[in-house]
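Architecture and fold: a report
Spelled out, the chains give:
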Amino acid sequence: MENRILVVDDEKEIREMLLKALTRLTEFRVELAGDGEEALKKIEQENFDLVLTDLKMPKKDGLQLVSDIAKFKPETLTVLMTGHGTIDSALEAMKQGASDYLLKPLNLDEMIVRLRKVLGERQRFIKLRDFAAQLERANQELKRVDEMKSEFVSVASHELRTPLTTIKNAVQLVLRGKAGEINETQGNFLSMAEKNINRLTNILNSLLDLSRIESGKMEMRFEEFDLTGSITFILSSLKPQADGKSIRLNTEIPMEFPPIYGDREKVEQILMNLTGNAIKFTPEGGEISVSAKLLAGEGGMVAVSVKDSGIGIPEDQLKKVFEKFYQVEGSLHRSVSGTGLGLAITKGLVETHQGKIWVESEVGKGSTFTFTLPVSKGEKREPHFRYVLDLKFRLAQENNTPLTLFLLEVLDQEGNAKESFLDQLEEQVRKSLCRKGDMVLRREREKILAALCEADLKGAQVIRHRIEEEIQKHFMEGRDKPPILKVGAATFPEEALSKRDLFRRAKEKLRS
């Protein structure tokens, strides 16, 4: 492969000597320039692989030329020729982008070896860059396929539920004799069909739950509630199953335990999944204990543990148990049916509360699943909003896409926020958003709406104008005094480079 080299030197004899020395090699195609300004003109018009330039030249010296090439043609390599007395300048040139320097008087054999080395490194860099670009394209394609898969799972699961419900209702009507008498054999087959319909319905519900969690669209209702009551309720519900295997259920919860701030239904689903799994994988006569404790120095969090005396999980599989569709290997595990989605859903629900979940286990001695939840402090915090913001911000960083956070508040003329105003505001904001990935969330305690939009700064201005037009048009109906709309917005990466800055800037603009 022929490499194009531009030799730059104000001495004609040196230019001609370098031209002869380099053109005797078929791998080099050489052109000449008498000073830095002439060299820059040629570089603007043509592409060179390498520029070999003298340091001291009139008009534009080699140091300035190296700096200009680094700015305007960074893919072009530069090598400086300098005398012993100007090595410091040569080192400065390397800081500004030069690949190497040669000392005068030049040793032609050494010069050719050094130039070949620099050009060889450039070829390796180009290959690595191309390889990185291919990997990035493949990564983007995988993300696109994953998004399509998630969308398909969500749509298919949703669409299949309606016909399944119809089939289930029809089977139940026949079983009850509403369509005429059936014999025992027919009843057995229909009962079998009903069980499998219920099983398929549970699988579809699990797929939908997982899809909503991954997209941040799981509906959450946060409130202050008593965790002890939820644990007692779940253990009472599962007691018949435990009694069927002679498994003892115990609780270890302090008498004075603080209330939790979370979605009661989702927390009970977490407890149901973990305790139900413990019953499945604990042999007859075993024991299960559910405990809770306040964590010191964890910013107001509690830890809830479900400990069993079951067969345990091999150490090499501990990190995989929360993955989708993963099922632990082993004879007892294979005998228990399941989709492998329960722990993935459980992990997602814990994370929507800004909590963490982990497992400790030893084969033959049992497992302990532990998760954390926030303590209620009566403060204005929204765990679900934080979870969705984390999710959307991470995706924006990974995909190198913009993200705008809007914070919106609507008040009456006296400066009061009303629930009815917030309901109407939410409806109008949803109409103003156009991308499928855009989301609207309530910050309930502050009576503020948060909208997360896949839009850059220019797009955010269009969305804001659209929202203000919708509010002006619909809120004016039947009112003498229009409400006051306040909007604060910030865009990643143009205005904020971190999730914290994104929220802080939007909040500052809302309150200004």
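Here we summarise the structure given alongside this text. What you see is a predicted model; the values in this text were computed from it and never measured. (Residues numbered from 1 in each chain as written. Predicted model: local features only at pLDDT ≥ 70, side-chain atom pairs only at ≥ 80, totals over all residues. Heavy atoms only, no water.)

Topic: the sheet that holds strand E5 (residues 100-103)
Which entries qualify depends on this criterion: At least two bridges found by DSSP between two strands is the condition for calling them paired. Helix and strand assignments follow DSSP, with helices taken as H or I runs no shorter than four residues and strands as E runs no shorter than two, numbered in order from the N terminus. Only the stretch in contact is used when fitting a helix axis, every axis being a line fitted to C-alpha atoms; angles between N-to-C directions are given from 0 to 180 degrees. Contact between two residues is taken to exist if any of their heavy atoms lie within 4.5 Å; hydrogens are not considered.
As summarised here, the arrangement of the five strands in space is E2-E1-E3-E4-E5, forming an open sheet in which the pairing is parallel. Since the sheet does not close on itself, it has two edges, and those belong to strand E2 (28-33) and E5, each with one partner. Sheet twist, expressed as the mean angle between neighbouring strand axes with direction ignored, is 20°. Strand direction decides the pairing type here: strand E1 (residues 3-8) and strand E3 (residues 50-54), joined by four bridges, are parallel. Among the inter-strand pairings, leucine 6 is bridged to a residue of E3, identified as valine 51. Packed on one face of the sheet, helix H3 (residues 62-72) meets E1, E3 and strand E4 (77-82) and runs near 160° to E3. Helix H4 (residues 87-95) contacts E4 and E5 of the sheet and is inclined by roughly 160° relative to E5.

Brief notes about the packing of helix H6 (residues 184-215) against helix H11 (residues 383-399)
Definition in use: Oblique is the label for every angle not falling under 35 degrees (roughly parallel), over 145 degrees (roughly antiparallel), or within 65 to 115 degrees (roughly perpendicular). Amino acids outside the nonpolar list (Ala, Val, Leu, Ile, Met, Phe, Trp, Tyr, Cys, Pro) and the charged list (Asp, Glu, Lys, Arg) are all regarded as polar, and Gly is one of them.
Running from N to C, H6 and H11 cross one another at 75°; their axes reach a closest spacing of 9 Å. Taken as axis vectors, H6 and H11 run roughly perpendicular relative to one another. Contacts from Ile213, Glu214 and Ser215 of H6 reach H11 at Tyr387, Leu391 and Lys392. Of the residues contributing to the contact of H6 with H11, the split by class is three nonpolar, one polar and two charged.

Brief notes about the side chain of histidine 384
Selection rule: Each residue gets one of three labels from its accessible area relative to the maximum for its type: buried under 20%, exposed over 50%, partly exposed in between, using a 1.4 Å probe on protein chains only. Contacts described as polar in this section are N or O atom pairs within 3.5 Å, which, within protein, must combine one atom able to donate a hydrogen with one able to accept it, while residues neighboring in sequence count only if both atoms come from side chains.
Here histidine 384 is to be found in helix H11. The buried category is assigned to histidine 384, whose relative accessible area is 9%. Only 3.2 Å separates the side chain of histidine 384 from the backbone oxygen of methionine 218, close enough to count as a polar contact. Residues in contact with histidine 384, not counting those within four places in the same chain, are Gly216, Met218, Met220, Phe222, Thr352 and Leu441.

Structural notes on the packing of aromatic side chains
Quick reminder of the rule: Here a pair means two rings of Phe, Tyr or Trp (six-membered ring of Trp) with centres within 6.5 Å. Their orientation is stacked below 30 degrees between planes, edge-to-face above 60, and tilted elsewhere. Here, over-ring charges are defined by two tests on the NZ atom of lysine or the CZ atom of arginine: distance to the ring centre within 6 Å, and angle to the ring normal within 35 degrees.
On inspection of all chains with the given rule, the structure shows four aromatic pairs. Aromatic pair phenylalanine 222 and tyrosine 261: ring centres 5.8 Å apart, planes at 40°, arrangement tilted. Taken as a pair, phenylalanine 222 in the loop between H6 and strand E6 (223-225) and tyrosine 261 in strand E8 (residues 260-262) lie far apart in primary sequence, 39 residues in all. Here phenylalanine 222 matches tyrosine 261 in class, with each residue buried. Measuring from ring centre to ring centre gives 5.8 Å for phenylalanine 385 and phenylalanine 503, while their planes differ by 55°; the resulting arrangement is tilted. Of this pair, phenylalanine 385 sits in helix H11 while phenylalanine 503 sits in helix H14 (residues 499-511), placing them 118 residues apart in sequence. Taking NZ or CZ as reference, arginine 4 lies 4.7 Å from the ring centre of phenylalanine 48, over its face.

Let's talk about the nonpolar core
Put simply, the rule is: Among the buried residues, those of types Ala, Val, Leu, Ile, Met, Phe, Trp, Tyr and Cys that are joined through side-chain atoms within 4.5 Å form a nonpolar core.
Core analysis: the largest hydrophobic core is formed by 65 residues, its most contacted members being Leu227, Leu274, Val304, Phe371, Leu405 and Leu502. In contact with leucine 274, other than residues within four places in its own chain, are Val306, Leu343, Thr346, Ile357, Phe369 and Phe371.

Observations regarding the sheet that holds strand E13 (residues 403-411)
Pairing within the open sheet is antiparallel, and its four strands lie in the order E14-E15-E13-E16. Only two strands of the sheet have a single neighbouring strand rather than two, namely strand E14 (439-443) and strand E16 (484-492). Across the sheet, the mean angle from the axis of one strand to that of its neighbour is 20°, orientation sign disregarded. Looking at chain direction, E13 and strand E15 (residues 448-453) are connected through five bridges and run antiparallel. The residue bridging threonine 404 from the neighbouring strand is cysteine 453, located in E15.

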